[in-house]
Amino acid sequence: MADERKAITRREVLGHGLRGLVALAAAGGLGALALRGKATTAADTVWQIDPEKCTECELCATSCVLTPSAVKAVHAYAQCGYCELCFGFFEDNPNNMDTAAENQRCPTGAITRSFVEDPYYQYVIDEPLCIGCAKCVKGCNAFGNGSLFLQVRHDRCVNCNQCAIATACPAQAFVRVPADHPYLLKGRGPSG
Amino acid sequence: MKRLYPIYCWLLLILPTFAFGEERFPPPEFESNYHAPVVQNPPPHTVWPVALDISLLVVALALAAYLTLKRRSRRGVFALTLGCIAYFGFVRHGCVCPVGSIQNVALAIGQPQYALPFVVAAFFLLPLAAALFVGRVFCAGVCPLGAAQDIVLLKPLKVPAWLEHALSVLPYIYLGAAVLFAATGSGFLICRYDPFIAIYRMSGTPLMLGITAGMLALSTVVGRPYCRFLCPYGVLLRWLAPFARWRVRIAPKACVQCHMCQDACPYGAIRPPTPAENPGGRREGKSRLVLYLILLPVLLAAGGALGYFGGAVLSGQHTTVRVANRVWLEEHGKVKGTTLESDAFHRHGQPVDELLQNAAKIRKQFDFGGLLLGGWIGLVIGLKLVFLSIRRRRTDYEADPAACVACGRCYRFCPEEHAPAEVLEKIQ
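Residues numbered from 1 in each chain as written. Chains lettered and ligands numbered in written order. Predicted model: local features only at pLDDT ≥ 70, side-chain atom pairs only at ≥ 80, totals over all residues.

*Asks:* Can you walk me through the overall build of chain B in this structure?
*Replies:* Helix and strand counts for chain B come out as 21 helices and two strands. Based on the C-alpha atoms only, the size of chain B along its principal axes is roughly 100 × 60 × 35 Å. When each of the 428 residues of chain B is scored for burial, the buried share is 38%. Taking contacts inside chain B between residues at least 6 apart in sequence as the whole, the part at least 24 apart equals 82%. (Helix = DSSP H or I, 4+ residues; strand = E, 2+ residues; numbered from the N terminus. Buried ≥ 20, exposed ≤ 12 C-beta atoms within 10 Å, placed from the backbone. Contact = placed C-beta atoms within 7 Å.)

Here you go:
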C-alpha cells in the first residue's frame, strides 16, 4: 500500500481537504455575516451615548479605560436658553452669580461663562478640562433646556471591543453606531 | 386622552429629558451680531490603522512562521514578541485581538442587526488560516496575551499530567460561555476578564488589575497559564494546528531520544515515545474506551439538562433580565429602595409589562443556550476521556501540534541541531 513515491498518510489527505474546506467555508460564512450587516449598517462601528437614554449617573467619568474619560460634555447651542442663572454652570443656590469656583457645579471648572448681551450668557465646554462626570448635564436637564449632554469623543476613544463604560452603564445608553455617523447629537444641528 | 393627561403631566415633572425638544427657556433672538461657537466633532481615527493593523498582522504571522519553521531561531521569535507587544499591545491598546473577535463573530450570528466589521473578521480568520498551514505561530510571537506570559516566565514548573488534563477542559467551557454571552447580547466575557489588557492600556479596575497581577505572578512559574488553561481562541487553533502543512519538527534529522527537548519545553507540549507494550494491557485499555464511549452520550445529556435549568441563572447577566428582576421585586414590595438601573428604567417611562416580556424572551434564549452550553461541556469532558484512552504510537520525541505554541525553545536543546555528524553517530 504505502508505496515509497506516494507515501501519503490519511492525516495528510484529511489535512489537505480540511484546509481547502475550512478556508472556503470561513471566507464564505464571514463574508455573508459582513454583507448581511452592510445592508443595515456600515461595517465598522464605534461606541456612542444615546443622550435620550443617559441618566447622568456619573459612571462615565470613572468607568472608562482612559483617564480622564473619553466621554465629555457637549453643548447644543441651538437648544441653549443662554440663561443668566444656568443650572449647568451654577451650584444649587449659588452665593453669587459669578464665576467663583464655589458657585460652580463643574468640579474641574471646565465650563467658561461669558457675557453675550443683556440678559444672555454663553457657556462653552473647555474639553481638555472636562472629565465627563455629567453634573452639568444633570443640572441642565433638571431645570434648563437640556442643551448639555454627554458624548464619546472619538479623538480620545480607543474603541475597545467591549466598552468598559457600556458594561457599567445602568441605562443601556451605550450603543454601537456606524463609524461614518459616530455622534448622536442633541438639538437642531445636523447630526453625524 | 383625558385619562392619560395626569400621567403626561407627571412624566413632564419627573422626566425632563423625556419631554425631548420641550424648551423651558426659548433660545433667544440676539440683537448683537452673535454667532454660536461651532462644536467640532472629531471623526474616529479608524481608517488608516485598519489597513495597517491587518497588513502588520499578516507580516507578523509570516515572520513568526519563517522564524520558527525555517530559521529555527528562538532569539528571532523573542524579538518578534517584543515588536508585537509594542504595536498590538501598547500602540493599539490590545484591541481588537483575535481572542476577543470570537465574540464579535458570535454576536453577528446571534444578533442580526450587528454587522461584523471587516477588520474583526480579518483578525478572526488570519491566525486560524495560518494555523492550517504553519501551526500555532500566532501564539508564538504575535499574540500580545501570550507574549505577556512568555516574557515573564522565569522558572517553569512541570504541571502534573492529571492536573494538566483536568485544566485543559477549561478553555472549552470558557469558549462556550463567551459565545453564549456574546450571542445573546449580554456582553463580552473574554474582554471583561482579559488578564493582560490592563497592562497595555496602563489602566484598569481593581478587579482587572488583581487578575493581571495574579496571572503574571503565576506565569513566572507556570508556562503560559492563560494560553493553556483558559484561552478560548486557543481551542480553535488547537483543532486546526494538527492539520498544518508545515509544523515544528524538533530533531532536524533523526531523534536521538535524549528527552532534552521535553525538559526544555515550559508548556508541556512535547510527547515522549510510547512504550512498546501497553502498560495496562490491551484488553483493559479496550474496555475502558468502550466504557467512555458509552458514557459520552450520558455526559452529553446530563450536561444539557443541567445547562437547561442553569440557563435562568446565567440570564441574570443580561442587563434587561437583571433590570426586569429588580423592577419585579420592587413592584412586589420584596425589596426596598431602587438601584441606578431601575431608576434609569423608570425614568425612560417604558411600560413594566414590555420590560418583563423582553426579559422573558431573553430568558427563553438562555434556556436554549444553557442547554447547548451544558451539552457542549458534557461533550468536551466525554471526548477528553475518550481521547485519553486512545493509544497513539510514537517512536520519537515529538511536539504535539495542538499544544505546541511554536516558541522555538526546544531547538537549542536538541543535540542534533548543532552537533557535527560524527558526534551524533557516537551518541547513537
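*Asks:* Would you explain the overall build of chain A in this entry?
*Replies:* Per the secondary structure count, chain A includes four helices and six strands. Its helices and strands in sequence order give chain A the pattern α-β-α-β-β-β-α-β-α-β, from N to C terminus. Within chain A, the proportion of its 192 residues that are buried is 44%.

*Asks:* Is there a simple way to explain the nonpolar core in this structure?
*Replies:* Across soluble globular proteins, nonpolar side chains have a tendency to be buried as a group. Core analysis: the largest hydrophobic core is formed by 158 residues, its most contacted members being L150(A), I165(A), L61(B), A64(B), I102(B), V137(B) and F138(B). A per-element tally of this core places helix α5 (residues 118-134) of chain B first, with nine residues. Among residues more than four places away in sequence, those in contact with A64(B) are V77(B), L80(B), V137(B), A140(B), G141(B) and V142(B). (Core = buried A, V, L, I, M, F, W, Y, C linked by C-beta atoms within 7 Å.)

*Asks:* Just checking my understanding: could you explain the interface of chain B and chain A for this structure?
*Replies:* Interfaces are often sized by the accessible area lost when the parts come together. Taken together, the contacts link 55 residues of chain B with 60 residues of chain A. Elements with a minimum of two residues in the side of chain B that touches chain A: α4 (98-110), α5, α10 (189-192) and α18 (340-348) of chain B. In the side of chain B that touches chain A, the residues fall into 34 nonpolar, twelve polar and nine charged. (Nonpolar A, V, L, I, M, F, W, Y, C, P; charged D, E, K, R; others polar.)

*Asks:* Just checking my understanding: could you explain the domain arrangement of chain B for this structure?
*Replies:* Residues and elements named next belong to chain B. One can read the domain layout of chain B as domain 1 (53-261 + 400-413) and domain 2 (282-388). In this assembly, ten residues from domain 1 lie in contact with 13 residues from domain 2. Classifying every residue of the side of domain 1 that touches domain 2 by side-chain character gives six nonpolar, four polar and no charged. (Domains from an automatic or database assignment.)

*Asks:* Any chance you could explain α18(B) here in plain terms?
*Replies:* Given 3.6 residues per helical turn, the α-helix brings residues three or four places apart onto the same face. Residues and elements named next belong to chain B. What α18 keeps buried is the set E341, S342, A344 and F345. Within α18, the buried residues cover an arc of 155° as seen down the axis, which keeps them to one side. Check the buried side of α18 and you find it contacts α17 (319-331) and α19 (352-388). (Arc of directions from axis to C-beta.)

*Asks:* Before we go on, may I ask you to explain the confidence of the model for chain B in this structure?
*Replies:* Low-pLDDT stretches of the model should not have their predicted coordinates read in fine detail. Residues and elements named next belong to chain B. Looking at chain B, pLDDT values average 88 and 91% of them are 70 or higher. Put simply, helix α1 (residues 5-14) is where chain B has its lowest mean pLDDT, 47, and helix α9 (residues 170-183) is where it has its highest, 96. Confidence drops under pLDDT 50 across residues 1-21; counting only partners more than four residues distant or on other chains, this segment forms 13 contacts. We note a pTM of 0.87 for the whole complex and an ipTM of 0.81 for its interfaces. (pLDDT = per-residue confidence, 0-100.)

*Asks:* Help me out: how do you make sense of unusual backbone geometry in this one?
*Replies:* Negative phi characterises most residues that are not glycine, and trans characterises most peptide bonds. Cis geometry is adopted by the peptide bond preceding P119(A), which originates at D118(A) and carries an omega value of -5°. Relative to the helices and strands, P119(A) resides in the loop between β3 (111-117) and β4 (120-125). The peptide bond linking C95(B) to V96(B) adopts the cis configuration, its omega dihedral lying at -5°. Mapped onto the secondary structure, V96(B) falls in the loop between α3 (74-91) and α4. Despite not being glycine, A134(A) has its phi angle at roughly 70°, a positive value.

*Asks:* Is there a simple way to think about α5(B) in this case?
*Replies:* Residue and element names in this part refer to chain B. The first and last C-alpha atoms of α5 sit 24 Å apart over 17 residues, in line with the 24 Å expected at 1.5 Å per residue. The complete set of buried residues in α5 reads V119, V120, A121, F123, F124, P127, A130, A131, L132 and V134. Directly beyond the C-terminal end of α5, a positive phi value near 80° is found at G135. (Expected span 1.5 Å × (residues − 1).)

*Asks:* What's the story with the environment of H181(A) in this structure? I'm lost.
*Replies:* With respect to the helices and strands, H181(A) occurs in the segment after β6 (174-178). Through-space distance from the C-alpha of H181(A) to that of Q48(A) is 10.0 Å; in sequence the pair is 133 residues apart.

*Asks:* Even after reading the chapter, I still don't get the environment of R228(B), so can you show me in this structure?
*Replies:* All names here are of chain B. Here R228 shows up in helix α13 (residues 225-229). Look at R228 and you get buried, because 22 C-beta atoms sit within 10 Å. On a C-alpha basis, the gap between R228 and L167 in space is 8.2 Å, while along the polypeptide they are 61 residues apart.

*Asks:* How do you make sense of the packing of α17(B) against α18(B) when you look at a structure like this?
*Replies:* A pair of packed helices can be characterised by two numbers: the angle between their axes and the separation between those axes. Residues and elements named next belong to chain B. Packing of α17 against α18 leaves a shortest axis separation of 9 Å and a crossing angle of 85°. Looking at the two axes, α17 sits roughly perpendicular to α18. Residues R322, V323, R326, V327 and E330 of α17 touch α18, and the partners they reach there are E341, S342 and F345. For the contact of α17 with α18, the per-class residue count stands at three nonpolar, one polar and four charged. (Axes fitted to C-alpha atoms, helices over the stretch in contact; angles between N-to-C directions. Parallel < 35°, antiparallel > 145°, perpendicular 65-115°, else oblique.)

*Asks:* Can you walk me through the pairing of strand β5 (residues 148-152) of chain A in this structure?
*Replies:* Regular strands have side chains that alternate between both faces of the sheet. Residue and element names in this part refer to chain A. Of all five residues that make up β5, five are buried, and the element is covered over most of its length. Here β5 shows no split at all, with L148, L150 and V152 on one side and F149 and Q151 on the other all buried. Bridge count between strand β2 (residues 71-75) and β5: five bridges; the pairing is antiparallel. Bridging across to β5, H75 finds its partner in L148. (Pairing = 2+ DSSP bridges.)

*Asks:* Teacher, can you tell me more about the environment of A61(A) here?
*Replies:* All names here are of chain A. Mapped onto the fold, A61 is located in helix α2 (residues 59-63). As a C-alpha pair, A61 and Y120 span 59 residues in sequence and 30 Å in three-dimensional space. Those residues in contact with A61 that lie beyond four places of it in its chain are S69, I131, G132 and C133.

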